[in-house]
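Structural features, examined
Below, each chain spelled out in residue letters.
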Amino acid sequence: MRTDTIAAIATAMSSSGIGIIRISGDEAVGIVDRIFSMKNGKKLSDMPTHTIHYGHIKDGDEVIDEVMVVLMREPKSYTREDTVEIDCHGGVYVMKRILETVIKYGARPAEPGEFTKRAFLNGRIDLLQAESVIDVINAKSEREAKTGIKQLEGFLSKEISDIYFNISSCLL
C-alpha cells in the first residue's frame, strides 16, 4: 500500500533526557536524508535496515540537535512501512523544532493513533491488537499492563479464531 508520509513526537511532551520523533511512509528515509548529516558522511538511504546512526539534524546549515537515527525498512517495522525514529534530546523546543523541520521537508503531522491504524491497515496487527495498544499505554498496574501485552501479542485473537474454527467444524 503506497502512503503519504506522517510524523509525530512519540514521547511525552515534557523536558526529559530523550525525545523521539517517528516518521513513517514512502518518503520517510528521503526526508530524513535531507535533514540528517551523519558523522561518517554517508546517507541514511544507503544504510541497511534496523541500524542506528549518529549525527546532526539540520535545517539548511543550522544544526538543530545532535541525534541518533533508527532506520527500519518496510515490511519489518511497526507500520510495515519505511520508518525512521529520531532520538533527540528531550527538550520540548528541540522536539517541536525537529518535528517542524520533518514537516517542512515533506511529511505531514500524524493524527492521534495513525501509526497503529497503519499497522492495522497494513496487516501487521488485527483489530483486537490495535485496540490493545491503548490499554498498554493507559495501564496503571502490572496486571493491566500484562493483560494489554497479552492481547497485543494476539492471545485473544487466537482464542477467538480457535472458537470460530471449532464452531465451523461442527457445522460441516
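As a starting point, this report considers the structure included with it. (Residues numbered from 1 in each chain as written. Predicted model: local features only at pLDDT ≥ 70, side-chain atom pairs only at ≥ 80, totals over all residues. Heavy atoms only, no water.)

This part takes up the overall build of the chain. Secondary structure summary: the chain contains 6 helices and 7 strands in total. With respect to the principal axes defined by its C-alpha atoms, the chain has extents near 70 × 35 × 25 Å. Taken over 172 residues, the chain has a buried fraction of 39%. Long-range contacts, defined here as pairs at least 24 residues apart, represent 52% of the contacts in the chain between residues at least 6 apart. Accessible surface, the chain as shown: approximately 10,100 Å² in total, 57% of it carbon and sulfur. Each charge sign in the chain was given a centre, from 22 positive and 26 negative side chains, and these centres are 2 Å apart. (Helix = DSSP H or I, 4+ residues; strand = E, 2+ residues; numbered from the N terminus. Buried < 20%, exposed > 50% of the residue type's maximum accessible area, 1.4 Å probe, protein only. Contact = heavy atoms within 4.5 Å. Areas by Shrake-Rupley, 256 points an atom, 1.4 Å probe, with all protein chains shown as cover. Lys, Arg positive; Asp, Glu negative; His and termini not counted. Charge placed at Lys NZ, Arg CZ, Asp CG, Glu CD.)

This brings us to a nonpolar patch on the surface. Among the surface-exposed residues, Ile52, Tyr54 and Met68 lie close enough to one another that they form a single nonpolar patch of about 280 Å² accessible area. Judged by its relative accessible area of 36%, Tyr54 is partly exposed. (Patch = residues over 30% accessible without salt bridge, like charges linked within 9 Å, V, L, I, M, F, W, Y side chains within 5 Å. Salt bridge = Lys/Arg side-chain N within 4 Å of Asp/Glu carboxyl O.)

Now for the nonpolar core. Residues Ile23, Val84, Ile86, Ile98 and Val102 are the most contacted members of the largest nonpolar core, which totals 26 residues. Listing elements by their share of this core, those giving two or more residues are strand E2 (16-24), helix H1 (28-35), strand E3 (36-38), strand E5 (62-72), strand E6 (83-90) and helix H2 (92-104). Every residue in contact with Ile23, bar those within four places of it in the chain, is listed here: Thr5, Ile6, Ala7, Ala28, Val32, Asp82, Thr83, Val84, Ile86, Val102 and Phe115. (Core = buried A, V, L, I, M, F, W, Y, C linked by side-chain atoms within 4.5 Å.)

The full count for this structure, using the stated rule, is 10 salt bridges. Where Arg118 meets Glu114, a salt bridge forms, and the shortest distance between an N and an O atom there is 3.6 Å. Placement of the pair is Arg118 and Glu114 together in helix H3 (residues 114-121), with a separation of 4 residues, close to one helical turn. Side by side, Arg118 and Glu114 carry an identical accessibility label, which is buried. If you follow the salt bridges from partner to partner, you end up with Asp4, Glu81, Arg108, Glu114 and Arg118 in one network.

Here Ser169 is to be found in helix H6 (residues 155-171). The class of Ser169 is partly exposed, set by a relative accessible area of 34%. Residues Ser169 and Cys88, 81 residues apart in the sequence, show an inter-C-alpha distance of 53 Å.

At their nearest, the axes of helix H4 (residues 127-138) and helix H5 (residues 142-152) sit 8 Å apart, and the two run at 160 degrees to each other. By the criterion of interaxial angle, the relationship of H4 to H5 is roughly antiparallel. Between H4 and H5 the crossing geometry is left-handed. Across the interface between the two elements, Gln129, Ser132, Val133, Asp135, Val136 and Asn138 of H4 pack against Glu144, Gly148, Ile149, Gln151 and Leu152 of H5. (Axes fitted to C-alpha atoms, helices over the stretch in contact; angles between N-to-C directions. Parallel < 35°, antiparallel > 145°, perpendicular 65-115°, else oblique. Left-handed = near helix turned anticlockwise from the far one by under 90°.)

Where H3 is concerned, the buried positions are Glu114, Phe115, Thr116, Arg118 and Ala119. Elements that come into contact with the buried residues of H3 comprise strand E1 (6-9), E2, strand E7 (108-109) and H4. Immediately beyond the C-terminal end of H3, within one or two residues, lies Gly123, with a positive phi of roughly 80 degrees.

On to the sheet that holds E1, then. Across the sheet, 7 strands lie side by side as E3-E4-E5-E6-E2-E1-E7; this open sheet has mixed pairing. The outermost strands of the open sheet, each flanked by one partner alone, are E3 and E7. In terms of strand pairing, E1 meets E2 through 4 bridges, oriented antiparallel. Looking across to E2, one finds that Ala7 is bridged to Ile23. Sheet strands in contact with H1 are E2, E3, strand E4 (51-59), E5 and E6, and its direction is about 70 degrees off that of E3. Across the sheet, H2 is in contact with E1, E2, E4, E5, E6 and E7; its angle to E6 comes to roughly 150 degrees. (Pairing = 2+ DSSP bridges.)

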